[in-house]
Amino acid sequence: MSLLEVENLEVTYGTKNGKVHAVNGVSFDIDEGVNYGLAGESGSGKSTVAEAVLGLLPDNGTVESGSVQFNGKDLTSLSPTERREILWEDIAYIPQSAMDSLDPVMSTGAQIRQAIQTHRDVSKSDARERVRELFDIVGLDPGRIDDYPHEFSGGMRQRVTIAMALALEPDLIIADEPTTGLDVIVQDKIIDKILEIQERMDSSLMLITHEIGVIAETCDELSILYGGKVMEQGSVDNVLINPTNPYTMGLKNSFPEIDELADDPVSIPGSPPNLDSKPSGCVFQERCPFSTPECETEHPDFVDLPNRNHRSACHHVNRAATMRQDATEPDT
Ligand code: ATP
Ligand code: MG
């Protein structure tokens, strides 16, 4: 049994123009101690997956079908009280733009202390001591626990949110774009910090980011999302070194700084799919340079590739090597 098992998750949002089909049958497992990446461009459904897993969708969001098991417990059928206990205690969540979600009128230390005291029977002074320790762990000056959010820089505020998320030593940390908007040096430091702490606490990590370079550096396994569908998933080595899905190839290509990964010259012009109706064919077919008539009408099932731990949803998966070759050959 894996720590987190997400099976065929479907999520829609109700809007004044009808339903948005944001997540369309997503499945993945995260084992204990594994760093798992969820990658995909803006709008691919990454945050929606995280919020559905955590039961934190906004009011207009609905889990249409699927199951989410954490340590064998079905998270979708928990009462709000049970869910609150699991959140914090067992699963820590660092939401997208977490650093902007700190309470501006309460000192950072008091916010973390309150979170600790809500879940643990500890005195105020012991909880304060724990906050000092946490500040130290995330590389903040423990002497600053009484400072307010506006007194910290963006990178420091992100460290505060990480300290808060880690206060109860969770089994799973879900971090949604934890470094987006920070400069590259600070980004590296934050990622290193998350990894260091996660290793120390022996937690699993689900790292959500559109930057596959960050996933290549930090994760063991990943899923590539597009239009609310998993296009390719498996070990980072298999998926990012030998992608078989044209979307993964294109995504890799947009990160040429990952030298050894930048040999696939597939580009992906066009814009993300319209999610007003449930996709019938392959969600990527409109932008895919290798699309054929069946891609328009039939959604590709997952194909298990001969390498262990590598699956890809593409009608042309067995042509991946040829597709790369085709793409490198100049037009005649
Ligand atoms: P980003 O990288 O920009 O954070 P994402 O991959 O996290 O993107 P989501 O935020 O999960 O993407 O959005 C998936 C789809 O659901 C998008 O089409 C988005 O417009 C839509 N969506 C998200 N939140 C809502 C909402 N509250 N109401 C209606 N539609 C929404
Ligand atoms: Mg998001």
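A quick note: this is a predicted structure, and the numbers were derived from the prediction, not measured. (Residues numbered from 1 in each chain as written. Chains lettered and ligands numbered in written order. Predicted model: local features only at pLDDT ≥ 70, side-chain atom pairs only at ≥ 80, totals over all residues. Heavy atoms only, no water.)

A. View of the domain arrangement of the protein. Domain boundaries in the protein define domain 1 (1–90 + 170–332) and domain 2 (103–169). Its C-alpha centre places domain 1 at a distance of 31 Å from the equivalent point of domain 2. Counting from both sides, the interface comprises 19 residues of domain 1 and, opposite them, 16 residues of domain 2. Summed over both sides, the interface between domain 1 and domain 2 buries roughly 1500 Å², with carbon and sulfur atoms accounting for 68% of that surface. Looking at the side of domain 1 facing domain 2, the largest losses of area belong to Trp88, Glu89 and Met201, adding up to 38% of the total buried there. Here domain 1 and domain 2 share 1 salt bridge between them. The partner of arginine 120 in a salt bridge is glutamate 89, and the shortest N-O contact between them spans 2.9 Å. (Domains from an automatic or database assignment. Contact = heavy atoms within 4.5 Å. Buried area = accessible area lost by both parts, 1.4 Å probe. Salt bridge = Lys/Arg side-chain N within 4 Å of Asp/Glu carboxyl O.)

B. Looking closely at the packing of aromatic side chains. Throughout the structure, instances matching the rule amount to 5 aromatic pairs. Here the aromatic rings of tyrosine 226 and tyrosine 247 are separated by 4.6 Å at their centres, their planes lie at 45 degrees, and the arrangement is tilted. Here tyrosine 226, found in strand β9 (residues 221–226), pairs with tyrosine 247, found in helix α9 (residues 246–253); they are 21 residues apart in sequence, far enough to count as distant. Among the residues examined, tyrosine 226 registers a relative accessible area of 1% and is labelled buried. Relative accessible area serves as the criterion here: at 0%, tyrosine 247 is assigned to the buried category. Through a chain of ring-to-ring contacts, the aromatic side chains of Tyr226, Tyr247 and Phe284 assemble into a single cluster. Lying over the aromatic face of phenylalanine 302, arginine 311 brings its terminal NZ or CZ to 4.0 Å of the ring centre. (Phe/Tyr/Trp six-rings, centres within 6.5 Å; stacked < 30°, edge-to-face > 60°. Helix = DSSP H or I, 4+ residues; strand = E, 2+ residues; numbered from the N terminus. Buried < 20%, exposed > 50% of the residue type's maximum accessible area, 1.4 Å probe, protein only. Lys NZ or Arg CZ within 6 Å of the ring centre and 35° of its normal.)

C. Expanded view of a negative patch on the surface. On the surface, a cluster of negative charge is contributed by Glu7, Asp29, Asp31, Glu32, Asp171, Glu199 and Asp202. Note on placement: aspartate 31 falls in the loop between β2 (18–30) and β3 (35–39). (Patch = residues over 30% accessible without salt bridge, like charges linked within 9 Å, V, L, I, M, F, W, Y side chains within 5 Å. Areas by Shrake-Rupley, 256 points an atom, 1.4 Å probe, with all protein chains shown as cover. Lys, Arg positive; Asp, Glu negative; His and termini not counted. Charge placed at Lys NZ, Arg CZ, Asp CG, Glu CD.)

D. Fine view of the coordination of the magnesium ion (ligand 2). The magnesium ion (ligand 2) binds to the protein through Ser47 (OG) and Gln96 (OE1), with metal-donor distances spanning 2.0 to 2.2 Å. Residue serine 47 is found in helix α1 (residues 46–54), and its partner glutamine 96 is found in the loop between β6 (91–94) and α3 (108–119); the two are separated by 49 residues along the sequence. In this structure serine 47 comes out as buried when scored by relative accessible area, which is 17%. (Donors = N, O, S within 2.8 Å, 3.2 Å for Na, K, Ca; no water.)

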